[in-house]
Amino acid sequence: MHRYLYGRLGQALLVLWAAFTLSFFLLQVLPGDAILIKFQNPDMGLSPAQIADMRAVYGADAPLWRQYLHTLVDFIRGDFGYSVQTGVPVAQLLTTNLPPTLRLAVCGFLLAAILAGGMALLAGLTSVRWLRGIWHALPSMFISVPTFWLGIVLIQVFSFRLKWVPVINPGEWAGLILPILTLAVPICAPLAQILIRSIDEVQTLPFVAVARAKGASRAGVLWRHVARNAVLPALTIAGLLFGELIAGALITETVFGLSGLGQLTQQAVNNQDVAVLQAIVVISATAFVVINLLVDLLYPLLDPRLKMPAGAAL
Amino acid sequence: MKRPGRGKRAGKGGTLIYLEQQAHTNLYPPAGGFYPNGGILNQITDKLTYQNPKTLAIEPWIAESWTSNDDKTQYTFKIRPGVTFSDGKPLDAAAVAKNFDTFGLGNKQLHLPVSEVINNYDHSEVIDPLTVKFYFKKSSPGFLQGTSTIGSGLVSPATLAQNFDALGDARHIIGSGPFVVSNETLGREVDLRVRDDYRWGPKTLAQQGRANLDGIKFIITPEDSVRIGALLAGQADFIRQVQAYDEKQAEGQHFIIYAAPTRGVNDGISFRPENPLVADVRVRQALLHATDAGQIVNTLFSPHYPRATSVIAAPAAGYINLADKLTYDPQLAAQLLDQAGWKPGTDGIRQKEGHSLVLSVYESPPQPQNKEVLQLVSQQWSKVGARLNILAGDAGSKTADSLDPLKTPANVVEVGRADPDVIKSQFYPTNRDALLQKGGLSSKVQNFSDDKLNSLLVAISAEVDGQKRLALAGEAQKYLLDQAYVIPIFEEPQVFAGAPYLKGVSFEAVGRPAFYGAWLDKH
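Worth saying up front: this structure is predicted, and the values here are computed from it rather than measured. (Residues numbered from 1 in each chain as written. Chains lettered and ligands numbered in written order. Predicted model: local features only at pLDDT ≥ 70, side-chain atom pairs only at ≥ 80, totals over all residues. Heavy atoms only, no water.)

Looking only at helices and strands, one finds 14 helices and 25 strands in chain B. For 523 residues, the compact-globule estimate of 2.2 N^0.38 gives 24 Å, and chain B sits close to it at 24 Å. Its C-alpha atoms give chain B principal-axis dimensions of roughly 70 × 55 × 40 Å. Averaging the locations of the 54 positively and 55 negatively charged side chains of chain B gives two centres separated by 3 Å. (Helix = DSSP H or I, 4+ residues; strand = E, 2+ residues; numbered from the N terminus. Rg over C-alpha atoms; globule rule 2.2 N^0.38 Å. Lys, Arg positive; Asp, Glu negative; His and termini not counted. Charge placed at Lys NZ, Arg CZ, Asp CG, Glu CD.)

This is how it looks when you write it as structure tokens:
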């Protein structure tokens, strides 16, 4: 188990370094740069000579390899540098924007899991054919709902018309209700689909028929035998949905005017704020690696057959 | 809906909720041209002089009086006594000198750039604690008006001692205005608190002493429909950037639409004659006459967006009506293109020497419905055999490509300033350089420059005689349209909407709101 962990950790570091390096060079290839974008702004009315001065002052003309090494060493030391656009240390931007996004993402994901589980159980329990059909169709409908549109509809209905929750200046948690819902709907859909399908598949397996024959109820079989087996594929997908979660958070944050990583990313992309993007890429890669590691470690707990023999190298 | 701080002082006071479309960028006062910046700076900084938004006359404010020599190379200002910045430092002659030395010359060490409204600045001299004198290398007749603009907001010496980068944080901008920044969540919210000891607003205003409101909360709400919806639902009191199609709904519910004119270069399209497609004046004229500004205004906008009748807006200083040069005349356009040798091709697009008459332009998101405007222009041009390709692109590609006349033969223009200098700001090579001239912003331009235009523009910025200066502004407008360097489309307002119970909002000369005299009535 230890060797397995170390191996995975080494892999994770490699992934992080690759993500850092790849993003660094990809960002350099883009036309223009943050300093050009910031100072070429006509509202500043700067002459080319003045802009050239600014470039020199910011060290933007140093050779690429030196900039790369410099940035890498700083990152390893935990120094994410300055955002050119806002003039604030990246670490400060992250401490203000990371917690709200984490809260939104975790709550959105939990709600999505509950919704998906609910839909799957209902689909598994319902024996009326047309009703089952509805439960089966619901996830595909949810997938095709654009997050952007859903957010606006929820705001118009629940905030502006019914006046249940304010969107402007809401309380800390009240302001999260609609965004969480907006985020959860498109995330729950693929989860529910996988769950429903694997429940259907597991239910055709012989052991289910045996349990049934022994006189277990439909719900009993579903709960005790099927669910546990069906949850594994969903867990894999759940780990992969992290990327979806970040994209959804971006749109949700824009629609609701929330601060967060999504909104920060969008601004940084638009302004080619390299230091900020670099930090976001590394953080996202870290989160992705950690989540997938957790998922892998969870498998053996759910399915004892996957437990590794002691000392296995994998 | 209950909100903290609302309705505390019955009738007056309370905290105003202001929904802004975009987060502010750097708040160094000369960067105040960007509307989200100006909206904040206008509440927290005072200016040396006050430009009356109705008469455009320059009136006293922090300066009680001023004199200048005949050729406008020296200006002397008498400062009002007893004014302090919110950090307690006096706003005296030394502070004013420090402000304009920085705005006029920049500060390389601290990365602070030069202000675009101050031309030919040389140095300052503190005569006595309340008298300051400014010297210019050449005549600078626009300077007096320049001291009243948003970019000339006076800030504490402590602010000017900071690095440019630090001024992205609103809390670092220490002004002497009626409000003070009390809190900021970067990219999300800026909170202002009233300054109780404020008593130096412009003397000609009805409002005197402390502002009525207790505070202002700027909340960034990027989504158009959420801003207008929140206002109508009573969750906000004032919003910036209202789309023309939302105006009716708001007015129908007795909300107030404020369309403040920006009094500068009209929203339109300029050409980069370095590009061979538009190097021929006949082609530019043809495209000008192929553009139906009336249709654009009627289709996309409301009566708050007047159709352009010159390069600058009708309420701008020095405006002359040149509507007869801006006629929509597709037949004339076709003739001009024939004469210029552009023959209709098989796909309806005109051809000449193997090239198609297809121009590209980057949309400009700050301009109202810019994409829709450009799409309509493209449709109109296609009737005479030309096409406009509208590019979106990220800020990086846009900034880089916009400097290359071969990639972007056309460009969206617009700038507000209530002084004839605004024409120079937009077109002069070392200012915004809308036409991209040799020696201007772009190193990619090899040939194009227009000496006649440039000497006219320099003359506007240096002519001491007020009447002659306006005449020069008129000549520049005529010349720009005769050369068809620019196609003016509409006079761009800044459109805001406010709740019916919000009273006393005013606007400075180019459309930034001022909440000094505002209050939230009982509701």
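Moving on from the coordinates now.
In this section: the packing of helix α5 (residues 90–125) of chain A against helix α11 (residues 242–256) of chain A. All names here are of chain A. Across the interface, α5 lies against α11 with an axial gap of 10 Å and an inter-helix angle of 115 degrees. Accordingly, the angle class assigned to the pair α5 and α11 is roughly perpendicular. Viewed along their axes, α5 and α11 form a crossing whose handedness is right-handed. Mapping the contact onto sequence places Thr-101, Leu-104, Ala-105 and Phe-109 in α5 and Leu-245, Ala-249 and Glu-253 in α11. Of the residues contributing to the contact of α5 with α11, the split by class is five nonpolar, one polar and one charged. (Axes fitted to C-alpha atoms, helices over the stretch in contact; angles between N-to-C directions. Parallel < 35°, antiparallel > 145°, perpendicular 65-115°, else oblique. Left-handed = near helix turned anticlockwise from the far one by under 90°. Contact = heavy atoms within 4.5 Å. Nonpolar A, V, L, I, M, F, W, Y, C, P; charged D, E, K, R; others polar.)

The next subject is the packing of aromatic side chains. Residues and elements named next belong to chain B. In this structure the tally under the stated criterion is 40 aromatic pairs over all chains. Ring geometry for Tyr-121 versus Phe-134: centroids 6.0 Å apart, planes at 50 degrees, classification tilted. Here the residue Tyr-121 occupies a position in strand β6 (residues 121–128), and Phe-134 occupies one in strand β7 (residues 131–136), the gap between them amounting to 13 residues. Ring centres 6.4 Å apart and planes at 25 degrees place the aromatic pair Phe-271 and Trp-381 in the stacked group. With Phe-271 in strand β13 (residues 264–271) and Trp-381 in helix α10 (residues 370–382), the pair connects residues that are 110 residues apart, well separated along the chain. (Phe/Tyr/Trp six-rings, centres within 6.5 Å; stacked < 30°, edge-to-face > 60°.)

Residue and element names in this part refer to chain A. By secondary structure assignment, the location of Leu-261 is in helix α12 (residues 261–271). It is 34 Å that separates the C-alpha atoms of Leu-261 and His-2, two residues lying 259 residues apart in sequence. Dropping the residues within four chain positions of it, Leu-261 is found in contact with Leu-94, Asn-97, Leu-98, Thr-101 and Glu-253.

Before going further, it helps to spend a moment on the interface of chain A and chain B. Contact residues are listed per partner, giving 46 residues for chain A and 47 residues for chain B. Carbon and sulfur atoms make up 61% of the surface buried where chain A meets chain B, a total of about 3900 Å² over both sides. Summed over the shared surface of chain A and chain B, the result is five residue pairs in polar contact (both at pLDDT 80 or more). Taken together, the elements giving at least two residues each to the side of chain A that touches chain B come down to α2 (34–39), α3 (48–58), α5, α7 (147–161), α11 and α12 of chain A. Split by residue class, the side of chain A that touches chain B holds 24 nonpolar, 18 polar and four charged. (Buried area = accessible area lost by both parts, 1.4 Å probe. Polar contact = N/O pair within 3.5 Å; in protein donor to acceptor, adjacent residues only side chain to side chain.)

Two side chains of opposite charge can pair, provided their charged atoms sit close to one another. All names here are of chain B. What the rule picks out here adds up to 21 salt bridges over all chains. Across the pair Glu-189 and Lys-217 runs a salt bridge, and its minimum N-O distance is 2.6 Å. Of this pair, Glu-189 sits in strand β9 (residues 189–194) while Lys-217 is found in strand β10 (residues 215–220), placing the two residues 28 residues apart along the sequence. Like Lys-217, Glu-189 is buried. Measuring nitrogen to oxygen at the nearest pair gives 3.5 Å for the salt bridge that ties Arg-512 to Glu-508. Judged by its relative accessible area of 4%, Arg-512 falls in the buried class. Its relative accessible area of 15% is what places Glu-508 among the buried residues. (Salt bridge = Lys/Arg side-chain N within 4 Å of Asp/Glu carboxyl O. Buried < 20%, exposed > 50% of the residue type's maximum accessible area, 1.4 Å probe, protein only.)

On to helix α6 (residues 129–143) of chain A. With 15 residues, α6 of chain A ought to run about 21 Å at 1.5 Å a step, and its terminal C-alpha atoms sit 23 Å apart, in line with that. At Ala-137 of chain A, α6 of chain A is deflected by roughly 30 degrees, the largest bend along its length, and proline Pro-139 of chain A occurs up to four residues later in sequence. (Expected span 1.5 Å × (residues − 1). Bend = angle between axes of the 7 residues up to and from the residue.)

Now for a nonpolar patch on the surface. Taken together, Trp-149, Val-153, Val-157, Leu-162 and Trp-164 of chain A make up a surface patch of nonpolar side chains, about 500 Å² in accessible area. Note on placement: Val-153 of chain A falls in helix α7. (Patch = residues over 30% accessible without salt bridge, like charges linked within 9 Å, V, L, I, M, F, W, Y side chains within 5 Å. Areas by Shrake-Rupley, 256 points an atom, 1.4 Å probe, with all protein chains shown as cover.)

A word on the sheet that holds β6 of chain B. Two modes of strand pairing occur in sheets, parallel and antiparallel, and in both the strands are linked by backbone hydrogen bonds. Residues and elements named next belong to chain B. The four strands lie next to each other as β4-β5-β7-β6, forming an open sheet whose pairing is antiparallel. Edge positions in the sheet fall to β4 (63–68) and β6, since each has one partner strand and no second. On average, each strand axis in the sheet is tilted by 20 degrees relative to the strand beside it, whichever way the strands run. Direction of pairing for β4 relative to strand β5 (residues 74–79): antiparallel, over a ladder of five bridges. Along β5, the bridge assignment pairs Ser-65 with Lys-78. Along the sheet, helix α2 (residues 93–105) makes contact with β5, β6 and β7, crossing β6 at roughly 175 degrees. (Pairing = 2+ DSSP bridges.)

Residue and element names in this part refer to chain B. Read from one edge to the other, the open sheet built from seven strands follows the order β8-β9-β10-β1-β11-β21-β12, with strand pairing classed as mixed. Both edges of this open sheet fall to β8 (179–185) and β12 (256–261), since each of them pairs with a single strand only. Neighbouring strand axes in the sheet, compared pairwise and without regard to direction, differ in orientation by 20 degrees on average. Two elements, strand β11 (residues 238–240) and strand β21 (residues 493–498), share three bridges in a ladder whose sense is antiparallel. Residue pairing across strands places Arg-240 opposite Phe-496, the latter belonging to β21.

All names here are of chain B. If you trace the backbone, Thr-309 turns up in the loop between α8 (293–300) and α9 (330–339). For Thr-309, the side chain forms a polar contact with the side chain of Tyr-319, separated by 2.6 Å. Sequence-distant contacts of Thr-309, defined by excluding residues within four places in its chain, comprise Tyr-319, Ile-320, Asn-321, Leu-322, Ala-323, Leu-326 and Glu-491.

Turning our attention to the packing of helix α13 (residues 451–462) of chain B against helix α14 (residues 466–482) of chain B. Residues and elements named next belong to chain B. Their axes nearest at 9 Å, the elements α13 and α14 cross at an angle of 155 degrees. In terms of axis orientation, α13 runs roughly antiparallel to α14. Seen along the crossing, α13 lies across α14 with a hand that is left-handed. Of the residues in α14, those in contact with Lys-452, Leu-453, Leu-456, Ala-459 and Ile-460 of α13 are Arg-469, Leu-472, Ala-473, Glu-475, Ala-476, Tyr-479 and Leu-480. In the contact of α13 with α14, the residues fall into nine nonpolar, no polar and three charged.

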